[in-house]
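# Structural description and commentary
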Amino acid sequence: MRRFPSAFLILGVLSLLAVGAVALGVAEAPTGTTLAVHNGAGETLGASRVTGHYTASYLGTDVVSFRYVPGSASLVARTTGGKVQGRRSVSGSNAIGILEPVKALLTVTQFTQHGSLYQSTEPIADIVPARQRATVSGHYRTAVRMAGGYVVSVKLVINAVQAGRQVGETVDYHLTRVGSWGAG
C-alpha cells in the first residue's frame with residue numbers, strides 16, 4: 001500500500017483554512033446587542049401596520065404624523081398648535097420610505113446597550129453619498145428604544161462639517177403602534 005504524504009498536507013492546510021474562516025466569521029459577526037437592534041428593525045419593517053410621528057430640526061416646530069401599511073402611507077404635518085400644514089399620501093414601493101429611519105438602522109455596525117436604550121456613534125461618511133465623503137467630516141449618533149421585539153423610537157443627531165460649514169440635524173421618530181404592539 002502506497003502512502004500519499006501530500007494528501008495529509010493538503011488536509012492539514014484545509015483544516016487551518018476552515019479554522020481561520022470560523023475565527024474571521026466570529027470576529028466580523030455583529031454583537032448580540034447590534035443583532036437585537038437589526039432584528040427589531042426587520043420586524044418593524046415587516047409589520048402589518050405602523051403608526052407614529054416625528055419631528056426634525058429642518059421642520060421647525062411642525063410634527064408629522066403618519067400611518068403605514070405595506071404599499072400605502074399617509075402623512076399629516078401640523079404646527080404645535082394643531083393647525084394642519086399639509087397632507088400627503090404615498091402608495092406603491094415609495095410608501096416604505098416613511099420607515100427610512102428604521103431601515104437605516106440595518107446599516108449601523110455597532111450598538112451598545114444602556115438599559116432599554118441602544119446607542120451608536122458612527123462616522124458621517126457612512127451615510128453621505130460617495131461623491132461627498134471627501135468634503136465631510138464628523139459623526140452621527142443614533143439612539144434606539146425597543147418594545148415587544150420592535151423598534152419604537154429612533155433619535156438621530158448629526159454633527160458634521162462640510163466644506164468648512166457646521167451642519168447639525170436632529171430627527172426624533174416615535175412609533176405608537178407596530179403590528180399588534182401599541183404604546184401605553
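Please read all numbers here as calculations on a predicted model, not as lab measurements.

## Overview of the overall build of the protein
A count of helical and extended segments in the protein gives three helices and 10 strands. Its helices and strands in sequence order give the protein the pattern α-α-β-β-β-β-α-β-β-β-β-β-β, from N to C terminus. Out of the 184 residues belonging to the protein, those deemed buried represent 29%. When the accessible surface of the protein is totalled, it reaches about 11200 Å², and 58% of it is carbon and sulfur.

## Some details on the packing of aromatic side chains
Counted according to the given criterion, the structure contains three aromatic pairs. Seen from their ring centres, Tyr54 and Phe66 are 6.3 Å apart, and the 45 degrees between their planes marks the pair as tilted. In this pair, Tyr54 is assigned in strand S1 (residues 50-56) and Phe66 in strand S2 (residues 63-69), connecting sequence segments 12 residues apart. We note that Tyr54, like Phe66, is buried. Ring geometry for Phe66 and Tyr173: centres 5.4 Å apart, planes at 20 degrees, overall stacked. Of the two residues, Phe66 is situated in strand S2 and Tyr173 in strand S9 (residues 165-178); the sequence distance between them amounts to 107 residues. The two residues Phe66 and Tyr173 agree in class, both being buried.

## Let's talk about the pairing of strand S7 (residues 136-147)
In the sheet, strand S6 (residues 117-123) pairs with S7 via seven bridges, with the strands oriented antiparallel. From the neighbouring strand, Pro123 faces S7, where its bridge partner is His139. The pairing of S7 with strand S8 (residues 150-162) spans 12 bridges and is antiparallel. What sits directly across from Arg141, in S8, is Val157.

## So, the pairing of strand S4 (residues 84-91)
Note that strand S3 (residues 72-78) and S4 share seven bridges and pair antiparallel. Its bridge partner being in S4, Ala77 is matched across the sheet by Gly86.

## A closer look at the nonpolar core
If you look at the biggest cluster of nonpolar residues, it comprises 36 residues, and the most contacted ones within it are Val50, Phe66, Ile98, Leu99, Leu105 and Tyr173. At the level of secondary structure, the elements contributing two or more residues to this core comprise helix H2 (32-45), S1, S2, S3, S7, S8 and S9. With six residues, the single largest contributor to this core is S8. Apart from residues lying up to four places away in sequence, Val50 is in contact with Thr44, Phe66, Arg67, Tyr68, Leu99, Leu175, Arg177 and Val178.

## With respect to the side chain of Ser153
Position of Ser153 relative to the elements: it lies in strand S8. Ser153 sits in the buried class, given a relative accessible area of 12%. Not counting residues within four places of it along the chain, the set of residues in contact with Ser153 comprises Ala143, Val144, Arg145, Tyr173 and His174.

## Quick notes on H2
Over its 14 residues, H2 extends 20 Å from the first C-alpha to the last, a length consistent with the 20 Å expected when each residue adds 1.5 Å. Tucked inside the fold, the buried residues of H2 contact S1, helix H3 (100-103), S6, S7, S8 and S9.

## Thoughts on the environment of Ala41
Looking at where Ala41 falls in the secondary structure, it is placed in helix H2. Residue classification places Ala41 among the buried positions, given a relative accessible area of 0%. Ala41 sits 60 residues away from Pro101 along the chain, and the two C-alpha atoms are 9.5 Å apart.

Definitions and limits used
- Residues numbered from 1 in each chain as written.
- Predicted model: local features only at pLDDT ≥ 70, side-chain atom pairs only at ≥ 80, totals over all residues.
- Heavy atoms only, no water.
- Helix = DSSP H or I, 4+ residues; strand = E, 2+ residues; numbered from the N terminus.
- Buried < 20%, exposed > 50% of the residue type's maximum accessible area, 1.4 Å probe, protein only.
- Areas by Shrake-Rupley, 256 points an atom, 1.4 Å probe, with all protein chains shown as cover.
- Phe/Tyr/Trp six-rings, centres within 6.5 Å; stacked < 30°, edge-to-face > 60°.
- Pairing = 2+ DSSP bridges.
- Core = buried A, V, L, I, M, F, W, Y, C linked by side-chain atoms within 4.5 Å.
- Contact = heavy atoms within 4.5 Å.
- Expected span 1.5 Å × (residues − 1).

By themselves, these are just geometric observations and shouldn't be taken as functional.
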